[in-house]
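Observations on chain architecture
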Amino acid sequence: MTSTTGVAGNLAARLLHGGDRPALVLDDRIVTHAELADRVARWRGGLASAGIDGGLRVAIVAGVGEPLVAAHLAVMGRGGVSVPLNPDSPPSELLRELHSAGIQAVFADEAGSGVVDAALALPDATDLDLIRLEAVALDRADPAPLVDVDDGDPAVLLFTSGTAGPPRPAVLTHGNLTASLESILSVPTGLLDRPQTFLCVVPLFHVLGLNTVLHLALVLGGTVVLAPYRSPEATVDLIEEHQVTVALGPPNLWRALAAVPDVDPDRLSSVRLALSGADELPGPVKMAVTGRLGLRLDEGYGLTESAAVVATTVGTQAPPGSIGRPVPGVEARIVDEQGDDCLVGDPGELLVRGAMVFPGYWSVAGPVDDPLTEDGWLRTGD
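Residues numbered from 1 in each chain as written. Predicted model: local features only at pLDDT ≥ 70, side-chain atom pairs only at ≥ 80, totals over all residues. Heavy atoms only, no water.

**Some words on the pattern of salt bridges**
In a structure, side chains of opposite charge can pair up when their charged atoms sit close to one another. As a reminder of what qualifies: We count a salt bridge whenever a side-chain nitrogen from Lys or Arg sits within 4 Å of a carboxyl oxygen from Asp or Glu. Strands here are runs of E lasting at least two residues and helices are runs of H or I lasting at least four, both read from the DSSP assignment and numbered beginning at the N terminus. Partly exposed describes any residue whose relative accessible area lies between the buried limit of under 20% and the exposed limit of over 50%, with all areas from a 1.4 Å probe on protein chains only and scaled to the type maximum.
Scanning the model with the defined rule gives 11 salt bridges in all. One salt bridge connects Arg-42 with Asp-38, and the closest N-O pair in it is separated by 3.2 Å. Of this pair, Arg-42 and Asp-38 both sit in helix α1 (residues 33-49), 4 residues apart, roughly one helical turn. The shortest N-O distance in the salt bridge between Arg-267 and Asp-237 comes to 2.5 Å. Of this pair, Arg-267 sits in the loop between α9 (251-258) and β12 (273-276) while Asp-237 is found in helix α8 (residues 232-242), placing the two residues 30 residues apart along the sequence. Residue class for Arg-267 comes out partly exposed when judged on its relative accessible area of 25%.

Written out as structure tokens, the structure is:
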């Protein structure tokens, strides 16, 4: 995966190179790679005019759509740190996240502006002095180029319950995200080396949707069908209408799809790669998807702290209940309570290491790396 712009390190330089191919499909609207790239360049100019520069943390509180994607890519491209947040959060929870991540600017669309306003009206918000970013102003700006960054510079903060404790922001660098994508692309599927059409029904404030769907589809020059989950029947309609080739979601999605009455497997015949992630895939769900929908359902295991995928059953003969093999670039160990490697068959904790493993959680004093061992192993808690 190489940059076509010469901007070293910046993940945004590796995206939006698909020309007139569709990049986003939103209801009846199609946005090409070229159109999205133009908007993102203008939004980078708007961010520059607003004083957004390298390292500034920008909360993005928006519904699934082009503004969310444009804001995220523009912030990264400008050298800032994108912090996608859930627009359905209660105001008190959103305020806690704004404080926890040390947010310095916020972008909200129609779906997120109400909760942002409510959060900033709370008494505990008096110490926040945020730059408010508006789509109208960003759209009117002159285009600005990508900013050079290092692989070790933060690209996003994503909230996660992590290996233990309450949700906190995990730092993912440009290098972490890129290494994860390179690992996924190295899995011998014969599929993820050309443009594909991805279905995205998972939120983009989750690493599964952000890196494994959005970034992966764009780096391939492919298409993302952005569609908040409504029902299993609507999801079947989307797959058929847009000829989705890669469908990814949690086990509950696949359980629901397999339960759709009288679904014709031919309606899903475009799907070449069906993946379950974000939670353990029960064997009966896997078998139901194969039996009723005619799809091989593979499983992926990963964490926010590893920029998504650590292991997958894709390309293996792994039995139900297995997470398959580590993806290329990931080292894995299972250790006992003393930190020694377990014997085959003995229980223990999974540790992983690689260029995709994050540097730590963000705090007001800087990243905190408590789940990492001194030699770089991530204690997954699993």
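**Digging into the confidence of the model for the protein**
Worth spelling out the cut-off: The pLDDT score gives, residue by residue, the confidence of the prediction method on a 0 to 100 scale. Two residues qualify as a contact provided that any one of their heavy atoms is within 4.5 Å of a heavy atom in the partner residue.
Per-residue confidence for the protein averages 90 on the pLDDT scale, and 95% of its residues sit at or above 70. Low confidence marks residues 2-6, where pLDDT is under 50. Its contacts with residues over four positions away, or in another chain, come to 7 contacts.

**With respect to empty space enclosed by the protein**
A probe matching the size of a water molecule, rolled over the atoms, marks out where space remains unfilled. Counted only if it meets this: Residues are said to line a cavity or pocket when one of their atoms sits within 4 Å of a point; the points come from a 1 Å grid over protein atoms alone, cavities being sets where a 1.4 Å probe fits but cannot get out and pockets being open sets with protein on both sides within 12 Å along at least five of seven lines. Grid points are joined across faces, edges and corners, and a volume is the space filled by probe spheres set on the points. As a working rule, the residues Ala, Val, Leu, Ile, Met, Phe, Trp, Tyr, Cys and Pro are called nonpolar, Asp, Glu, Lys and Arg charged, and the rest polar, with Gly in that last group.
Enumeration over the complete set of coordinates arrives at 2 cavities of 30 Å³ or more. Estimated volume of the largest cavity: approximately 40 Å³. Every residue lining the largest cavity is listed: Trp-43, Leu-47, Val-58, Ile-60, Ala-71, Ala-74, Val-75, Phe-107, Leu-133 and Leu-138. Sorting the residues of the lining of the largest cavity by element identifies α1, β3 (57-61) and α2 (66-77) as the ones contributing at least two each. Residue contributions to the lining of the largest cavity peak at 3 residues, all from α2. Across the lining of the largest cavity, the residue classes break down as 10 nonpolar, no polar and no charged. Here the second largest cavity is characterised by a volume of approximately 30 Å³. Lining the second largest cavity, in full, are Leu-281, Lys-286, Glu-299, Thr-313, Pro-319, Pro-320, Gly-321 and Ser-322.

**Brief notes about the packing of helix α6 (residues 174-186) against helix α7 (residues 207-219)**
Put simply, the rule reads: Geometry is summarised by axes, namely lines fitted to C-alpha atoms with helices restricted to the contacting stretch, and by angles between N-to-C directions that run from 0 to 180 degrees. Here the word oblique covers every angle except those under 35 degrees (roughly parallel), over 145 (roughly antiparallel) and from 65 to 115 (roughly perpendicular).
Two numbers describe how α6 lies on α7: the axes approach to 11 Å, and their chain directions differ by 75°. In terms of axis orientation, α6 runs roughly perpendicular to α7. On α7, the residues touching Leu-177, Ser-180, Leu-181, Ile-184 and Leu-185 of α6 are Asn-211, Thr-212, His-215, Leu-216 and Val-219. Grouping the amino acids of the contact of α6 with α7 by side-chain chemistry returns 6 nonpolar, 4 polar and no charged.

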